[in-house]
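# Descriptive analysis of the structure
So you can see what is in the structure, the chains are spelled out below.
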Amino acid sequence: MTFAKKMGVGKIAASAAAGGLALFAALPAWAQEAAEAAPVVDKGDTAWMMTSTVLVLAMILPGLALFYGGLTRSKNMLSTMTQIGAVACLAMIIWVCYGYGLAFGPEGNAFISWGKFFLAGVTPDSLADTFSDGFKLPEYVFICFQMTFAAITLALVLGATVERMKFSAALVFGVIWLTIVYFPIAHMVWAAGGLFFEMGALDFAGGTVVHINAGVSALVAAMILGKRIGYQKEIMAPHSLTLTMVGTGLLWVGWFGFNAGSALEANGSAALAMINTFVATASAGLAWMLAEKLGGHKPSALGFCSGIITGLVAVTPAAGNSGPFGAIVLGAVAAFICFYVVTVLKPKLGYDDALDAFGIHGVGGIVGAIGTGIVYAPSLGGPGGADFAIGPQLVTQVSAVAATIVWAAIGTVIAVYVAKALTGLRVTEEVEREGLDLGEHGERAYNM
């Protein structure tokens, strides 16, 4: 081989080597870009969301069960707790059968979705979106988190119907109500493509989906069911404010999963929701007792508990959508309004919302949902952008609230009358006087 040929081969070899080195040098950058583009499941976020899910479960059992149970008469303590536990379990089973698909399925329109029934196609490797691009949650975690919301919302409705509704009727009502009321509204508010979602309605953790939905449904169900025997004629005082206070504390603790967990990540938004859940609740607890004092009454333990729940309800849609001082004002305003509804308006109108599910959850949810459109403003310390305008947002908030009220009311009428046709709806006068603990379940809460 001549020298020239050797030089030619050498140049080719050198060029190939240089090209290979250049390609090899580019590989780390290419690999890094690919890694950045791939979805990331953060173990910290996942652990936080699993914790939040369990916290919401604690809100139901034992939180809500003790809160509601303590407010009833002793003869209905176990029936109240049993109904809450049973409908929560029912909601969980329905959720994995078809509820998740109707609320968050892959196909859908503005009002409902479908697909993934019986969790078809969901595996341990399936991922669900968070609010940050590229970051995901295991889909099973998201399914469980949202499942607890469905469970507690149905349980909240029963606060208006305790002490007179059949156990079987509560279960039948729950199946129908979840299907035609809760799942569509959850889709409309929280699913991409949902009506309220696309409108830009602000609902961080469920002011419309949970509280307005449950509160309005509770009022409608109570009015159809009718008043308890002796209502406004006999004393129907809570049999154990001690248990109600314990339930209140458990609800407040669990609510951090409810509100801060709705950030879907362990981040600054969750931290904002956390502090707001502290201060709005504290503000409302004090404001309710102040309202009692101004109304000529003594500040009461029941008033304190009612105020705490009111603050939690009101801050739910604003949890990550308000600054701390906006949350304080929102909690106080909601407490004064709910106090008026519970102590003045309800007696005047004469409806028997037994445990004030509408007076606190419905009214507090409405105040919170509409108020969120105000406290979101950056001028008031909220996280809204510089171009945020209160007026248009209020129109959106009021529209979402009004639509939720109408949807929940109509759906509840259907669910109650189906339950009435199948079960008779209400216990007999004998069972009601004896107490549902014995009449419906054959046991007593207290044996002395």
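Anyway, here's the lowdown on the structure attached to this text. This one's a predicted model, so the numbers in the text were calculated from it and none came from an experiment. (Residues numbered from 1 in each chain as written. Predicted model: local features only at pLDDT ≥ 70, side-chain atom pairs only at ≥ 80, totals over all residues. Heavy atoms only, no water.)

This next bit is on the environment of Phe 325. Tracing the sequence through the fold places Phe 325 in helix H11 (residues 324-349). Since its relative accessible area comes to 67%, Phe 325 is described here as exposed. (Helix = DSSP H or I, 4+ residues; strand = E, 2+ residues; numbered from the N terminus. Buried < 20%, exposed > 50% of the residue type's maximum accessible area, 1.4 Å probe, protein only.)

Turning our eyes to something else, we now look at the environment of Ile 390. Mapped onto the elements, Ile 390 comes out in helix H13 (residues 390-423). Sequence separation of Ile 390 and Ala 221 is 169 residues, and the distance between their C-alpha atoms is 35 Å. In this structure Ile 390 touches Gly 373, Ile 374 and Ala 377, once residues within four positions along its chain are discounted. (Contact = heavy atoms within 4.5 Å.)

Quick look at the pairing of strand S5 (residues 135-138) now. In the sheet, strand S1 (residues 40-41) pairs with S5 via two bridges, with the strands oriented parallel. What sits directly across from Val 41, in S5, is Lys 136. When strand S4 (residues 127-129) meets S5, the two strands line up antiparallel, connected through three bridges. Looking across to S5, one finds that Asp 129 is bridged to Lys 136. Hairpin remark: S4 followed by S5, antiparallel, with five residues in the connecting loop; positive phi at Gly 134, about 90 degrees. (Pairing = 2+ DSSP bridges.)

Here the focus is the packing of aromatic side chains. Scanning the model with the defined rule gives 20 aromatic pairs in all. Here Tyr 351 and Phe 358 contribute two aromatic rings whose centre-to-centre distance is 6.4 Å and whose plane-to-plane angle is 80 degrees, an arrangement assigned as edge-to-face. Note on accessibility: Tyr 351 and Phe 358 belong to one class, buried. Joined through ring pairs, the aromatic side chains of Trp 95, Tyr 98, Tyr 100, Phe 104, Phe 142, Phe 173, Trp 177, Tyr 182 and Phe 183 make up one cluster. (Phe/Tyr/Trp six-rings, centres within 6.5 Å; stacked < 30°, edge-to-face > 60°.)

If charged atoms from side chains of opposite charge come close, those side chains can pair. Applying the stated criterion to the full structure yields nine salt bridges. The closest approach of N and O atoms between Glu 163 and Arg 228, which form a salt bridge, is 2.6 Å. A residue pair is termed long-range when its members are at least 10 positions apart, and Glu 163 in the loop between helix H4 (139-157) and helix H5 (167-190) and Arg 228 in the loop between helix H7 (207-225) and helix H8 (241-259) qualify at 65 residues. With relative accessibility at 8%, the residue Arg 228 sits in the buried group. When the shortest N-O distance is used, the salt bridge between Asp 356 and Lys 346 registers 2.8 Å. You can see Asp 356 sitting in the loop between H11 and helix H12 (357-375) and its partner Lys 346 sitting in helix H11, a full ten residues away along the chain. The exposure class of Asp 356 is buried, given its relative accessible area of 15%. (Salt bridge = Lys/Arg side-chain N within 4 Å of Asp/Glu carboxyl O.)

In this structure, Leu 64, Trp 95, Phe 173, Trp 177 and Tyr 182 are the most contacted members of the largest nonpolar core, which totals 106 residues. Among the nonpolar cores identified, the runner-up in size contains seven residues, and Phe 204, Ala 205, Ala 263 and Ala 273 belong to it. (Core = buried A, V, L, I, M, F, W, Y, C linked by side-chain atoms within 4.5 Å.)

Right, let's talk about helix H10 (residues 301-315) for a bit. Helical periodicity: at 3.6 residues per turn, an α-helix aligns residues three or four positions apart in one direction. Relative to the 21 Å expected for 15 residues at 1.5 Å per residue, H10 spans 21 Å between its end C-alpha atoms, a close match to the ideal helical length. For H10, the tally of buried residues reaches twelve of 15 residues, placing the bulk of the element in the interior. Of the positions making up H10, those classed as buried are Gly 303, Cys 305, Ser 306, Gly 307, Ile 308, Ile 309, Thr 310, Gly 311, Leu 312, Val 313, Ala 314 and Val 315. If you follow the buried residues of H10, they end up packed against helix H2 (43-71), H7, H8, helix H9 (268-294), H11 and H12. (Expected span 1.5 Å × (residues − 1).)

For residues other than glycine, phi is negative in most cases, and the peptide bonds are mostly trans. In this chain, Leu 61 is followed by Pro 62 through a cis amide linkage whose omega measures 15 degrees. Secondary-structure assignment places Pro 62 in helix H2. Positioned with a positive phi, Gln 232 is a non-glycine residue whose angle comes to about 70 degrees. The topology assignment puts Gln 232 in the loop between H7 and H8. Take Gln 232: its relative accessible area is 48%, and that puts it in the partly exposed class. At Leu 264, a position not held by glycine, the phi torsion is positive, near 65 degrees.

Here we take up the packing of H7 against H12. Relative orientation of the contacting elements H7 and H12 amounts to 145 degrees, with a least axis distance of 8 Å. As H7 packs across H12, the resulting crossing turns out to be left-handed. On H12, the residues touching Gly 207, His 211, Ile 212, Gly 215, Val 216, Ala 218 and Leu 219 of H7 are Ala 357, Phe 358, His 361, Gly 362, Gly 365, Ile 366 and Ala 369. Here the contact of H7 with H12 is built from residues that sort into eight nonpolar, six polar and no charged. (Axes fitted to C-alpha atoms, helices over the stretch in contact; angles between N-to-C directions. Left-handed = near helix turned anticlockwise from the far one by under 90°. Nonpolar A, V, L, I, M, F, W, Y, C, P; charged D, E, K, R; others polar.)

The next point concerns the sheet that holds S4. Whenever strands of a sheet pair, they do so through backbone hydrogen bonds, lying parallel or antiparallel. An order of S1-S5-S4 is seen for the three strands of this open sheet, with the pairing classed as mixed. Looking at the sheet topology across the chains shown, the edges are occupied by S1 and S4. Together, S1 and S5 form the strand contacts of H2, whose direction differs from that of S5 by roughly 45 degrees. Docked against the sheet, H4 engages S4 and S5, running at close to 70 degrees with respect to S5.

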